[in-house]
Structures are given as C-alpha cells and as structure tokens.
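Listed below, chain by chain, are the residues.
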Amino acid sequence: MASSLTTPSYLFFFFICSIFISFSSQQNHPLDPLTESELTLIQTLLQKSYPTSSLSFHYVGLDEPDKPTVLKWQSKSKTTINNLKSPLPRRALVHARYNKQTLEITIDLSSRTIISTQVHFGNGYPMFSFDEQTLASDLPFSYKPFKDSIGKRGLNISQVVCSTLSVGWFGEEEREREIKVQCFYTNGTTNLYLRPVEGITMVVNLDTNKIVDYVDRIRVPVPKAEGTDFRWSEQRKPFGPRLSSVAMVSPDGPGFKMDGNKISWLNWDFHVGFDTRVGTIISLASIYDIEKQKYRRVLYRGYVSELFVPYMDPTEEVYFRTFFDCGEDGFGQSAVSLEPFADCPANAVFMDVYYPAHDGTPVKVPNAICVFQQHAGNIMWRHTESGLHDEEVREARADVSLIVRMVATVGNYDYILDWEFKPSGSIKVGVGLTGVLSTKGVAHTHNDQVKEDLFGQLIAENTVATHHDHFLTYHLDLDVDGEANSFVKTSLVTKRAKDQGTPRKSYWTVVRERVNTESDAKIHVGLKPSELAVINPNKRTKVGNNVGYRLIPGAVANPLLTSDDYPQIRAAFTNYNVWVTPYNKSEKWAGGKFVSQSRGEDNLAIWTLRNRKIENRDIVVWHTIGFHHVPSQEEFPVMPTLSGGFELRPTNFFESNPVLKVIPSKHVQLLSNCTTLP
C-alpha cells in the first residue's frame, strides 16, 4: 500500500464470530506447488552439480505425476484417512541456463537426485528472470552513448529509469539470447510508463550482460508529469464522490475449509496450485450431487496457458512489442501481493507462494492468492407465480460464489485472474485488465495537428497510447463425470414451418455433431449461432441425455495480423477461439516450451496438425478470449478495469436444478430499518 489514506477513505467493519480453517500437517497433495524447502533443495542439488556462477534458474515447477496416478491416489477408499495415504513421488522440472546452453532437468525430490538432463538445441529460450532484467536495465547508466543522449535532451539522468522488453523474432536465422531496453523520465511522477524517453532503443545480450546494439533515432518532447501520478497522496481537489462505508459480517466464518491447498465449499471440492509460469492452477474440481450422493469430477486441471499481447505500431521503437506474458515473463513470478480490503474483501483468506530467483533462491510473494465467499446481491433463482386464483407464490434464493483470485503485474499491465465457483455447478473464469497504458512520445498536443497514422490514440499532450490486443489462452482439461469425453458442436438452424397447421413460417432447431478429430474442433466463436459442450458419451441422465458441460464464451476477438506476420506465426494458437486435443501431459503451454525468440515451431497449432482422434477420449479444451484495445482518455493516467471471461455451465449434468433445495442463509441485521420497535 503506497500511503495512508485521508479522504475519501474506505471503512470496513468486519466481524467474525467464529472462523474455522484447518491447515493440515499431512504429507503434500501430489499437485501441491513446490514449497520453499523443496526449492532450496533444488538449488542445492544443481549448484553442486554445476559449481560455477554461470548457472541460472529460469523455470522451476512441479513435474506433476501422470494423470492416472493422481486419479488413483485420489480415489483410494474413503475409509482411508488422507494423511495415511502413501505419498506419491515428488519431482521437479527445471529450465536453466549453463555456459550459454538451455538445460531441461528433472529432479526426484524424494531421493534428492537428478534423474535426467537434456540440452535444448532448438529455437527459443526459457523465461526471463527478474534479476537478469534488472542487470540489463542498469547497463545504460554506465554506457557513454546513452549518457550523451540523455544530456542532449536536457534530462537529469538521476530521474531516468529503464525497463526491459522482449525482442521477439522477425525472420533472423540466428540470434543470441537478447532483450531490449527502453527508458523513461520519472521526474515528478511514479507513473514511468507515461513519460517515455522516445527514440532510444538498446539491445542487451543476456549471456554476456553487454549492450550489443544502440539506436538514438529521433527526439520528441517527453510528456508532462502533471496529472500522471495515480497515488492517492498526490491527488488534489476537486475530488470524486466519497464511497460509502461497508460493513461485512460473517458469523459462520469464511464459509469454506482449507486443508493445505485443498478447498471444500458448499458442494464444491477442488485444489489450488501455483506455477512460476502460469500462476494459479485449479485442479480436481468436483461437485457433490445430492441425488447420486457422491462427488462428480468436472475439471481435472485449468489455468492460463499463454497470454499474447501484440502492439500495432510498425515503427522502429515499437514493432517488436509482441509479448508472451507467460512464456517470456512468467505470470506466476509476476504475481503481486494482494491488498486486503481493496484487491480482496475483508472475509478473504490469503495464500503465499514461492518462485525461484535467478540463482535459485526461493522468493516469497506473501498474500499472492486470496479465496473468499462473495455475496454480491445477485439472485440464484426466483419465480413469482401470480396465475393462481387465491394466492401469489413468490420464491427467491440469494446467490453466493467462491472466488479464487490472483493478480499478475507484467510491466505496465495488471491482470486480475478469477476462478468463480457457483453452487449451481457453474465455473466462471474472469479476467480484469487494469494498470497503465503503454505509450510513446510524440510532438503533437492536439488531434488537429495529426496528419499521419499515429498507430494509436492521442490521450494527453505529447502522448499516444498504441493500439494493441490481449489474447489469453486457457488450458481446460475437463473430465465431465470421468475422463472419456467427447466434444459436441450444436448448431442452431432456421427451418421453414411446413405442414404444421400453424400460421408460423419459420422456427429454429438444433443439429448436434460429435467432433471426431482435432481439425474439426478448430472453431471461430460467434460466426454463427451455436453451442459448444463437452459430454460424457458413456453416461446419461434418466431421460437419456448425455451428461455434459457447456462452454459459454464471453469476450471474444480474433487476430487481425496476417498469418505470415512473424508475431502471428509464433502466436498461431490464437488463430481459433477453441481447440480440442487429446490429453498429453507434455502439451501444457500453448506457445510452446521455450517461447522467448521462438519461431512458431512448437505450439498448439503445430500439435494439432497430427489431427488426432478426440471422440470418447480424455480431451483438453483450449479457449482463447481476446480484447482489441483502442485506448481512450478515460484510461489515463490509470485504467479502470476492463473485464471479460467465460463460463463452464452444466448441461444435463444433473437430473434437475441442483440448487432447488439449497438451505437459505440466515439473515444478519446490524441496524434496524424499522422506525419503531415492537
């Protein structure tokens, strides 16, 4: 939290009569993220095996057990006490750099041994570490050409800060592992991204930590600092409206139980994991069916697999800004500590996470994930029946959700990532985009002066925010009441009414198609009315419908780059909104294993060229949600949250409404609205 608040203030009265959260001391769940001690063990083992300073850590994550092994572990007899289950072997996967080579290392944590090491000889490099980016950002300040450029602009170099940007790939046959550096002038603000020092671009070789290319091409005014600071302490009158105080009462505690990373809430049971590259992972999500008196699995594993952010400016200083925020920067290691009462409500429970630093040392991010029950004033279901002659029947149920939230700050953008569970069986996945726009300095102070394409919007004097996209591709390993599933496309087709004895001339009906292969499952959402679902072809309801879950898309956008443009070749996994593949443990990152400077040779689009069978098999749905972002002045100096997402909703999964018989919560009244007391 940046500073103490005076006015307006947020005042929360939070009262909990009893909180019960059990943190188990049992052995690790097989899908638990790596612990601090495990990361330390990995660091120790590798530093002994590679005893030089050239060893660096770029990804360390759980090498999860094979899926059948995990499911067998989970399905052990209910009479077996969980903490007496035999622990599964724990393994870690490491991507490291050593003597300018990329290593893939698998470590058995149980035996404390390295069980395999492979050298990656193909294209692409592992994720950036924060430490190497910091070193690269510091280089300009001891580089004479840069100091001269800053001096010629009349800027105080002590007020200059620099940041790193991935270089991408644009047809080069060979290129060292590199990163670009661009700088900003903070004098008078903390909002550095709104004050770029335009025209200067540097390239740093990350293996040698040296500047290998330097360009000072143009000079334009640095945008003004006035009005750019987003800190409350820096705001001056006139102020906006004061937000009302909120009283949050949770007399029954937070409403859910945590057993390690396993969460039980109402009729849901699932596991929350964390990964350095992709962030929050939801696993083994199952819902209790009161008719069948058992938990039924819905989702084996779900997470953001990749995020592609291409900027639409072909000029020298911007063309390369085509970011892969998971594979290059790491959503997990970009997770930030959440602010109580702002990022998460007062009834939230927080979880810490760890990721490895450049030298393998565990780095703790406190309060990186929060879990909370949300009463948003929504309605679960209702009906008023006034057709009865002698009475009116009115029934309604207040809705409630459980939300798992993480925020990843990647450069100028903050991504709010929510998994929302509902008692009705739905899982809503939400994405919020906020933070600061990426800008470039220009000579213009008014739109009337503009004669050329600025490749963006003039949002303040001398400030253009570049047009860009956000494409988030989710990995959704749905197990709808079992592993063997099929993907069904349901088209809504208009029919002419014939011989129906009716004045109607048309109606629509449905045509269902079970998809057999990967090629047939590549879908552009929204081109025609349709529904998409994953069904279990081996299980039916009492009336004969296949049990299933629908994918209900939300914000959808298709790429506008040409298919032969280098960024789109690398991001070919965004070519469709929906893909379906057979489950393959190795296929978990849509952009490929080594994304930095990759060439599109290993990604979801390449995998599906095999056109594998997907009917009545263990399948994975890949869903890309997108935003075409044309910036506006309301997003200056900080952007109000822009939201999108999608829903996984049961379709014939239950025999009837699963929340018909929910027991309403008791009303807690702090203050009486009555004018007189009885």
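Since this is a predicted model, take the numbers as computed values, not measurements.

## Considerations on the overall build of the chain
When you go through the chain residue by residue, the secondary structure sums to seven helices and 34 strands. On C-alpha atoms alone, the chain measures out to a radius of gyration of 27 Å, which is about the 26 Å that the 2.2 N^0.38 rule sets for 678 residues. Counting only C-alpha atoms, the chain reaches 85 × 65 × 65 Å along its principal axes. Across the chain, every contact between residues at least 6 apart in sequence was considered, and the portion connecting residues at least 24 apart equals 68%. As displayed, the chain has an accessible area near 32,000 Å², and 50% of this comes from carbon and sulfur atoms.

## Structural notes on the sheet that holds strand S2 (residues 56-62)
Reading across from one edge, S2-S3-S4-S5 is the order of the four strands in this open sheet, with antiparallel pairing throughout. The sheet is open, and its two edges are formed by S2 and strand S5 (113-120), each paired on a single side. The mean angle between the axes of side-by-side strands here comes to 20°, regardless of whether they run parallel or antiparallel. Along the sheet, helix H1 (residues 36-49) makes contact with S2, strand S3 (91-98), strand S4 (101-108) and S5, crossing S2 at roughly 135°.

## What to know about unusual backbone geometry
With an omega of 5°, the peptide bond between Lys-237 and Pro-238 qualifies as cis. Note on placement: Pro-238 falls in the loop between strand S9 (210-216) and strand S10 (246-249). One non-glycine residue, Asn-99, adopts positive backbone phi at about 50°. One can find Asn-99 in the loop between S3 and S4. Owing to a relative accessible area of 49%, Asn-99 belongs among the partly exposed residues under this scheme. In this model, Asn-611 sits at a positive phi of 55°, which is unusual for a non-glycine residue. Mapping Asn-611 onto the fold places it in the loop between helix H7 (604-607) and strand S33 (617-629).

## Quick word on the sheet that holds strand S8 (residues 200-205)
Pairing in this open sheet of four strands is antiparallel, and the strands run S6-S7-S8-S9 from one edge to the other. Here the strands that pair on one side only, and so sit at the sheet edges, are strand S6 (160-166) and S9. Each strand of the sheet is rotated relative to its neighbour by a mean of 30°, with strand direction disregarded. Looking at chain direction, S8 and S9 are connected through six bridges and run antiparallel. Bridging across to S9, Thr-201 finds its partner in Val-215. Against the sheet, helix H3 (residues 130-138) engages S6, strand S7 (178-185) and S8, with an angle of about 130° to S6.

## Some remarks on the pattern of salt bridges
Scanning the model with the defined rule gives 37 salt bridges in all. Glu-392 is paired through a salt bridge with Arg-394; the nearest N and O atoms lie 2.9 Å apart. On the accessibility criterion, Glu-392 (46% relative accessible area) is partly exposed. Judged by relative accessible area, which is 55%, Arg-394 ranks as exposed. In this structure, Lys-539 engages Asp-481 in a salt bridge whose closest nitrogen and oxygen atoms are separated by 3.8 Å. Placement of Lys-539 in strand S30 (residues 530-540) and of Asp-481 in the loop between strand S27 (468-478) and strand S28 (484-496) is noted, with a sequence separation of 58 residues between them.

## Some points on the nonpolar core
Nonpolar side chains in soluble globular proteins tend to be buried together. Within the largest apolar cluster, 77 residues are counted, with the highest numbers of intra-cluster contacts made by Trp-268, Phe-270, Trp-419, Phe-421, Tyr-474 and Phe-487. In this structure, Phe-128, Val-160, Tyr-185 and Val-222 belong to the second largest nonpolar core, which totals 20 residues.

## Some thoughts on the confidence of the model for the chain
The predicted model of the chain has a mean per-residue pLDDT of 92, with 93% of residues at 70 or higher. Confidence drops under a pLDDT of 50 for residues 1-26, and excluding neighbours within four residues, the segment shows 54 contacts in the predicted structure. Counting interchain partners and residues more than four positions distant, the pLDDT-below-50 stretch residues 672-678 has zero contacts.

## Some remarks on the packing of aromatic side chains
The geometry of two aromatic rings is summed up by the distance between their centres and the angle between their planes. Inspection of every chain in the model, using the stated rule, returns 26 aromatic pairs. Both rings, one in Phe-170 and one in Tyr-566, keep their centres 6.3 Å apart while their planes meet at 75°; by these two values the pair is edge-to-face. Pair noted here: Phe-170 is in the loop between S6 and S7 and Tyr-566 is in helix H6 (residues 566-570), with a separation of 396 residues, a long-range link. Consider the rings of Tyr-311 and Phe-323, whose centres lie 6.0 Å apart with planes at 65°: the pair is edge-to-face. Placement of the pair is Tyr-311 in the loop between strand S15 (294-310) and strand S16 (322-324) and Phe-323 in strand S16, with a sequence separation of 12 residues.

## Things to note about the environment of Glu-635
Position of Glu-635 among the secondary structure elements: in the loop between S33 and strand S34 (639-651). Take Glu-635: its relative accessible area is 13%, and that puts it in the buried class. Distance from Glu-635 to Val-436, taken between C-alpha atoms, is 7.7 Å for residues 199 residues apart in sequence.

## Some details on the environment of Thr-574
Take Thr-574: it is sitting in the loop between H6 and strand S32 (578-582). Residue Thr-574 is classed as buried on the basis of its relative accessible area, which comes to 0%. C-alpha separation for the pair Thr-574 and Gly-626, spaced 52 residues apart in sequence, amounts to 8.9 Å. Not counting residues up to four positions away in its chain, the partners in contact with Thr-574 are Phe-308, Phe-471, Thr-473, Pro-559, Gln-568 and Thr-624.

## A word on helix H4 (residues 144-152)
Residues spaced three or four apart along an α-helix point in a common direction, a consequence of the helix completing one turn every 3.6 residues. Looking only at H4, the buried set comprises Phe-146, Ser-149 and Ile-150. Relative to the axis of H4, the buried residues are bounded by an arc of 95° and lie together on one face. Among the exposed residues of H4, those oriented more than 90 degrees off its buried face are Lys-144 and Lys-152. Where H4 is buried, its residues touch S6, S7, S8 and S9. One or two residues past the end of H4 sits Gly-154, with phi positive at roughly 70°.

## Some remarks on the state of the cysteines
Taken as a whole and assessed by the stated rule, the structure comprises two disulfides. Between the sulfur atoms of Cys-162 and its disulfide partner Cys-183 the distance amounts to 2.0 Å. Because the torsion about its S-S bond is 95°, the bridge between Cys-162 and Cys-183 counts as right-handed. Here Cys-162 is found in strand S6, whereas its partner Cys-183 is found in strand S7, with 21 residues between them in sequence. Comparing Cys-162 with Cys-183, the two get one shared label, buried. What connects to what in the chain, once the bonded cysteines are numbered by sequence position, is 1-2, 3-4. Here Cys-326 is not cross-linked by a disulfide; its sulfur's nearest cysteine counterpart is in Cys-370, at 19 Å.

Rules of the game
- Residues numbered from 1 in each chain as written.
- Predicted model: local features only at pLDDT ≥ 70, side-chain atom pairs only at ≥ 80, totals over all residues.
- Heavy atoms only, no water.
- Helix = DSSP H or I, 4+ residues; strand = E, 2+ residues; numbered from the N terminus.
- Rg over C-alpha atoms; globule rule 2.2 N^0.38 Å.
- Contact = heavy atoms within 4.5 Å.
- Areas by Shrake-Rupley, 256 points an atom, 1.4 Å probe, with all protein chains shown as cover.
- Pairing = 2+ DSSP bridges.
- Axes fitted to C-alpha atoms, helices over the stretch in contact; angles between N-to-C directions.
- Buried < 20%, exposed > 50% of the residue type's maximum accessible area, 1.4 Å probe, protein only.
- Salt bridge = Lys/Arg side-chain N within 4 Å of Asp/Glu carboxyl O.
- Core = buried A, V, L, I, M, F, W, Y, C linked by side-chain atoms within 4.5 Å.
- pLDDT = per-residue confidence, 0-100.
- Phe/Tyr/Trp six-rings, centres within 6.5 Å; stacked < 30°, edge-to-face > 60°.
- Arc of directions from axis to C-beta.
- Disulfide = S-S within 2.5 Å.

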